[in-house]
Amino acid sequence: MSEVEGITATSDAKSGKMIFETIIEDGIFRFDCSADHRNAVFPSLSFVNPKDRETPIMSGHKVPSHIPTFECVRGQQIVQIELPLGTSFYGTGEVSGKLERTGKRVLTWNTNAYGYGSGTTSLYQSHPWVLAVFPSGEALGVLADTTRRCEIDLREGSTIKFVAPQSYPVITFGPFASPTDVLVSLSHAVGTVFMPPKWALGYHQCRWSYYPEARVREIAKTFRQKGIPCDVIWMDIDYMDGFRCFTFDQERFPDPKTLVADLHQAGFKAIWMLDPGIKREEGYFVYDSGSERDIWIQTADGKPFVGEVWPGPCVFPDFTQSRTRSWWADLVKDFISNGVDGIWNDMNEPAIFKTVTKTMPESNVHRGDVELGGCQNHLHYHNAYGMLMARSTYEGMKLANENRRPFVLTRAGFIGSQRYAATWTGDNLSTWEHLHMSISMVLQLGLSGQPLSGPDIGGFFGNATPKLFGRWMAFGALFPFSRGHSRDKTVDHEPWSFGEECEEVCRLALKRRYRLLPHIYTLFYMAHTRGTPVASPTFFADPKDPRLRTLENSFMLGPLLIYSSTANDLDRDQVQHVLPKGIWLDFDFEDSHPDLPALYLQGGSIIPFGPAIQHVGQAKPTDDLSLLVALDEHGKAEGFLFEDDGDGYDFTRGGFLLTTYVSELVSSVVTLKVSRTEGSWKRPERRLHVQLLLGGYAKLDAWGVDGEEIQITVPSENDVSELVSMSAKQYKIRIETAKHIPEVEKVSRVKGIELSKTPIELKSGVWALKVVPWIGGRIISMEHLPSGIQWFQSMVEVNGYEEYSGTEYRSAGCSEEYTVIERDLQQAGEQESLLLEGDVGGGLVIERQISFPKDNPNIFRIGSGIVAREVGAGSAGFSRLVCLRVHPVFTLVHPADSYVYFTSIDGSKHEVWPESGEETTYEGDLRPNGEWMLADRCLGLGLTNRFKISEVYKCLIHWGSGTVNLELWSEDRPVSKESPLGISHEYEVKRIA
């Protein structure tokens, strides 16, 4: 058994201003509570060079402009930094909800957040980082450099608050002149994104799962037949033999090498999944070799931890040890020999099935390397586990072929993960809300140091509609990482799956991406070498402009502004385009469509683009090169193009060509020329096509030879006006004659889960609820606004708040379509109300009224009943035996610190913890005496549920994976028109000691 190592701060400092020193470079400050605290902190896992954090530098005696304060209370270190009024907050890593994080609260605890919502506080990755943008446009970055669970609280005005176990340092970056400067400075600490192979910037097609191999070949063939660009096809977990990592199912994939060779011939790469859970099975070579080397995570008593995931009982590699990482890297190296082009690390939070916490016990032991922090419990290494796995996978791919760049995609990560892997935004939903959120989520990751990310286009869970899928692909094709993905048991989600109109939008969108690949690849070179962002919020164009701070339906790729409609009922031209100050010229590739985003180029910019190809391998250095030029108010523009082999590392040894193009207007003549080059590559012999943007989709064209001066004569002002007018008319014709994607709410040909309708929102000053009448009338989101806590956050078709009409689980009432009888009832004493009714058969309905009382805005009330409407005469007016079963599934923010408390009718007091067992029933005098509370000790909050004892005959507690049910059951009897069954109850959040 290994002992957990600890470092104790001996100082009795409890509160005050933090001490500081300059590290790395001017403008980067490290803050600690005291000198003793500084000596007690654990090594940095976020810094690319951990010693940089520990090494002060001489800084010309500069003093930070904002000094944090601290307070140490019961082992927690609370840090606050006050900033100017009107400061806007961003960053915080992988988070759902709005772009601006001001007023939000985030918990950094990597969580398998399947079907997350806009208020979910913990997703798959942890970035204890805030980017603060001052009213002046200056910006400051703040990093709490701890791997442990950390609360980021941005709810108090312009104050950043971190709460995490002591001791940890806080690192500030800036203030600098712009947010971009802050991100560049951050990259000097945590590193830049790995340089992706160029093919990885093409489009990726994925599904859980494409099998057998004949289906993979069919998908590849269809892309080429339909002329829809694509570079990568993904193999989800079902390619494996019984979910055993590093194996292939011999029936589904009997010859992966030949399959991949054929895919390569057609211009496709193949990416395969690897999870951390290794099946505990003697004779399975991965388990046997790992056991021989003793590299599994251990329980507190020194035995290998066993948790259940896809293969069944599994053990888990301890990636905190270098010998484990080497073992895994060797496995990856051998795996690559099957023709594997990239690897997908999933389930690496790590996710564990059949446990309340959704992960392994915090008391598990990692025998980590000293330089990582030594032997520590899982609480310490949990948030870094996914990053360390991705690092091991990345290193294994480099071992396999030093002349190829690895491509790894990881679900879980920590700040700094971008050094090893791309990421995606997890198991999202096929809804318009998730379509809209996907822009902000990609931007937040970029603002937290991870520029290579994207969502599952079309949504992972549920059936997209043609309109939803087409619109999502329209702008998703321009995300840094562009991949379509969906789960099993949903309709097909390929670009051609939703009719000809949607297919054409997808084709146009992906052709745009491939035309812009020279620009996107250049942005990644800059991100890799300089730390600049790839996709950035629109306000980066003018950080001083408050109008831009909250824009969520636009983003920038360098100087290219992309504006889309994320609303179901509005095309892109029906949305107001709020543009930054200065010159912004609209253009297209003669491909405009109501569902495609609008494109603008910032004045003063030049961006490169190429021909519309089907895959990256089709492009040749001698292809025609095109440049889009937008002059600024001074008649000048500048832009860059990076070129290399698209793979390998020759670019690190000078094997590349970085060209700076400039243009200038002098006496009605625009001259474009090369002003500077870097790298040893010889310029390819090729034609150069220059397009000078005039606005209104008008352009002036000129052709020449790349590397030579090209001149364009600008016509008179009247001629330019005519050109702009004519181009605007042509644009209008393209829009009007485009085949719109039909308004179809359902994909009727295959039965499935329909998520893309819009939930009904109910709000008071304290509560925000979302209700989906079309599936069980369920409440899918229950947010307490003052605390920012989502007490439940569910998928549309399961969990959340639902009701049944019988004692059986998921009996009638939980999935039927409910009718909205009345909305916003103006009844006495009610602020807002919703009345629903669902037919549960046999002449019975469930009536449900959800309301906010005016006399107590802190509560919301639900009154439900099973009512007889048309009960047959032969039954004497009585129905079948029924029971109203109220079944809310609450989300546990801190599963290990949550419990249910109540006093029974007989006066006995109860604290029910998850360890007490999966399910407990209380009847008779053991029932709660009219109320019970779901308490969270970490939050200091409890959700009280009050009810009438006379209506509730049984109460049930059921602990699930990160959830708990608090069920109320009525008596079990027939009903008539005169004798309905009903339960009235209410919820209120209270502070607990």
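This one's a predicted model, so the numbers in the text were calculated from it and none came from an experiment.

*Asks:* Please clarify how the overall build of the protein should be interpreted in this entry.
*Replies:* Assigned secondary structure in the protein consists of 13 helices and 59 strands. In terms of C-alpha radius of gyration, the protein reaches 29 Å, essentially the compact-globule figure of 30 Å for 993 residues. Counting only C-alpha atoms, the protein reaches 90 × 70 × 65 Å along its principal axes. Across the 993 residues of the protein, 64% fall into the buried class. Within the protein, counting contacts between residues at least 6 apart in sequence, those at least 24 apart form 69% of the total. Split by element, the accessible area of the protein, about 35,400 Å² in all, is 49% carbon and sulfur. In the protein, 98 positive and 128 negative side-chain charges are present, and the distance between their average locations comes to 1 Å.

*Asks:* Quick question: what am I supposed to make of the sheet that holds strand E32 (residues 584-587) here?
*Replies:* Sheet strands pair by backbone hydrogen bonding; their relative direction is either parallel or antiparallel. Overall, antiparallel pairing links the five strands, which are arranged E29-E30-E31-E33-E32 in an open sheet. Looking at the sheet topology across the chains shown, the edges are occupied by strand E29 (535-536) and E32. Strand direction decides the pairing type here: E29 and strand E30 (residues 554-557), joined by two bridges, are antiparallel. Bridging from a neighbouring strand, alanine 535 pairs with leucine 557 of E30.

*Asks:* Help me out: how do you make sense of the layout of surface pockets in this one?
*Replies:* It is a probe the size of a water molecule, rolled over the atoms, that shows where empty space is left. Put simply, the second largest pocket is a space of about 990 Å³. Along its surface, the second largest pocket is lined by 45 residues, and Lys98, Ser118, Glu433, Glu761 and Lys770 are the ones closest to its centre. Contributing elements (two or more residues each) for the lining of the second largest pocket: strand E7 (105-108), helix H9 (432-446), strand E42 (760-763), strand E43 (767-772), strand E44 (778-784) and strand E45 (789-793). At six residues, the largest contribution of residues to the lining of the second largest pocket is made by H9. Among the residues making up the lining of the second largest pocket, the classes are represented as 13 nonpolar, 20 polar and 12 charged.

*Asks:* Explain the environment of arginine 155 here, please?
*Replies:* Locating arginine 155 in the fold gives a position in the loop between strand E11 (150-153) and strand E12 (159-165). Note: C-alpha distance between arginine 155 and glycine 788 (633 residues apart in sequence) is 8.7 Å. Residue contacts for arginine 155: discarding those within four places in its chain leaves Gly103, Lys104, Arg105, Pro786, Ser787 and Gly788. A distance of 2.9 Å separates the side chain of arginine 155 from the side chain of aspartate 153, its partner in a polar contact. Looking at arginine 155, its side chain comes within polar contact range of the main-chain oxygen of serine 787, at 2.5 Å.

*Asks:* Sorry, what's going on with the pattern of salt bridges here?
*Replies:* Tallied over the entire structure, the rule returns 61 salt bridges. Between glutamate 503 and arginine 507 there is a salt bridge, with the nearest N and O atoms lying 2.5 Å from each other. Of this pair, glutamate 503 and arginine 507 both sit in helix H11 (residues 500-515), four residues apart, which is roughly one turn of the helix. Exposure class is identical for glutamate 503 and arginine 507. Each is buried. Through salt bridges with shared partners, one network takes in Glu21, Arg30, Asp32, Arg38, Arg53, Glu54 and Asp145.

*Asks:* Would you take a moment to explain the nonpolar core for this structure?
*Replies:* Nonpolar side chains in soluble globular proteins generally cluster together in the buried interior. Ranked by size, the top nonpolar core spans 177 residues in total, and within it Phe173, Tyr239, Trp272, Phe407 and Leu557 carry the most contacts. Tallying contributions element by element places helix H8 (residues 378-400) first for this core, with nine residues. Non-local contacts of tryptophan 272, meaning those with residues more than four positions away in its chain, are made with Met235, Tyr239, Phe248, Phe253, Pro256, Leu259, Val260, Phe335, Val340, Gly342, Ile343 and Trp344.

*Asks:* Teacher, can you tell me more about the state of the cysteines here?
*Replies:* Disulfides are covalent bonds that link the sulfur atoms of two cysteine residues. Scanning the model with the defined rule gives zero disulfides in all. Distance from the sulfur of cysteine 72, which forms no disulfide, to the nearest cysteine sulfur (cysteine 33) is 4.3 Å. With no disulfide of its own, cysteine 955 has cysteine 883 as its nearest cysteine by sulfur position, at a separation of 12 Å.

*Asks:* Got a minute to help me understand the side chain of serine 805 in this structure?
*Replies:* In this structure, serine 805 sits in the loop between strand E46 (801-804) and strand E47 (818-823). A distance of 2.7 Å separates the side chain of serine 805 from the backbone oxygen of alanine 812, its partner in a polar contact. The residues contacting serine 805, other than those within four sequence positions of it, are Ser811, Ala812, Val840, Ile846, Ile866, Arg880, Val882 and Cys883.

*Asks:* Which parts of the structure should I look at to understand the packing of aromatic side chains?
*Replies:* Aromatic rings considered in pairs are described by the distance between their centres and by the relative angle of their planes. Enumeration over the complete set of coordinates arrives at 63 aromatic pairs. Their ring planes at 80° and their centres at 5.3 Å tell us that tryptophan 234 and tryptophan 344 sit as a pair that is edge-to-face. One end of the pair, tryptophan 234, is in strand E15 (residues 232-235); the other, tryptophan 344, is in strand E20 (residues 342-345), and 110 residues separate them in sequence. Both residues of the pair, tryptophan 234 and tryptophan 344, belong to the buried class. One aromatic cluster is present, built from ring pairs that chain together Tyr239, Phe246, Phe248, Phe253, Trp272, Tyr287, Trp296, Phe319, Trp327, Trp328, Phe335 and Tyr385. Above the ring of tryptophan 109, the side-chain terminus of arginine 149 is found at 4.0 Å from the ring centroid. The ring of tryptophan 424 has arginine 483 lying over it, and the distance from NZ or CZ to the ring centre is 5.1 Å.

*Asks:* How do you make sense of the packing of H11 against helix H12 (residues 517-530) when you look at a structure like this?
*Replies:* Angle between the axes and distance between the axes: these two values describe a pair of packed helices. Where H11 contacts H12, the axes come no closer than 5 Å and their chain directions differ by 55°. One element, H11, and the other, H12, form an angle in the oblique class. Facing Arg513, Tyr514 and Arg515 of H11, the residues of H12 in contact are Leu517, Pro518 and Ile520. When the residues that make up the contact of H11 with H12 are grouped by side-chain class, the tally is four nonpolar, no polar and two charged.

*Asks:* How do you make sense of the sheet that holds strand E9 (residues 129-133) when you look at a structure like this?
*Replies:* Read from one edge of the open sheet, six strands run E2-E3-E13-E10-E9-E6, paired in antiparallel fashion. Strand pairing shows two members of the sheet lacking a second neighbour, strand E2 (19-22) and strand E6 (88-91), which therefore form its edges. Taking the axes of each pair of neighbouring strands and ignoring which way they run, one obtains an average angle of 25° across the sheet. Direction of pairing for strand E10 (residues 139-144) relative to strand E13 (residues 170-176): antiparallel, over a ladder of five bridges. Residue pairing in the sheet places glycine 141 in a bridge with phenylalanine 173 of E13.

How each quantity is defined
Residues numbered from 1 in each chain as written. Predicted model: local features only at pLDDT ≥ 70, side-chain atom pairs only at ≥ 80, totals over all residues. Heavy atoms only, no water. Helix = DSSP H or I, 4+ residues; strand = E, 2+ residues; numbered from the N terminus. Rg over C-alpha atoms; globule rule 2.2 N^0.38 Å. Buried < 20%, exposed > 50% of the residue type's maximum accessible area, 1.4 Å probe, protein only. Contact = heavy atoms within 4.5 Å. Areas by Shrake-Rupley, 256 points an atom, 1.4 Å probe, with all protein chains shown as cover. Lys, Arg positive; Asp, Glu negative; His and termini not counted. Charge placed at Lys NZ, Arg CZ, Asp CG, Glu CD. Pairing = 2+ DSSP bridges. 1 Å grid on protein atoms, 1.4 Å probe; cavity = no way out; pocket = protein on both sides within 12 Å on 5 of 7 lines; lining within 4 Å. Points joined across faces, edges and corners; volume = space filled by probe spheres on them. Nonpolar A, V, L, I, M, F, W, Y, C, P; charged D, E, K, R; others polar. Polar contact = N/O pair within 3.5 Å; in protein donor to acceptor, adjacent residues only side chain to side chain. Salt bridge = Lys/Arg side-chain N within 4 Å of Asp/Glu carboxyl O. Core = buried A, V, L, I, M, F, W, Y, C linked by side-chain atoms within 4.5 Å. Disulfide = S-S within 2.5 Å. Phe/Tyr/Trp six-rings, centres within 6.5 Å; stacked < 30°, edge-to-face > 60°. Lys NZ or Arg CZ within 6 Å of the ring centre and 35° of its normal. Axes fitted to C-alpha atoms, helices over the stretch in contact; angles between N-to-C directions. Parallel < 35°, antiparallel > 145°, perpendicular 65-115°, else oblique.

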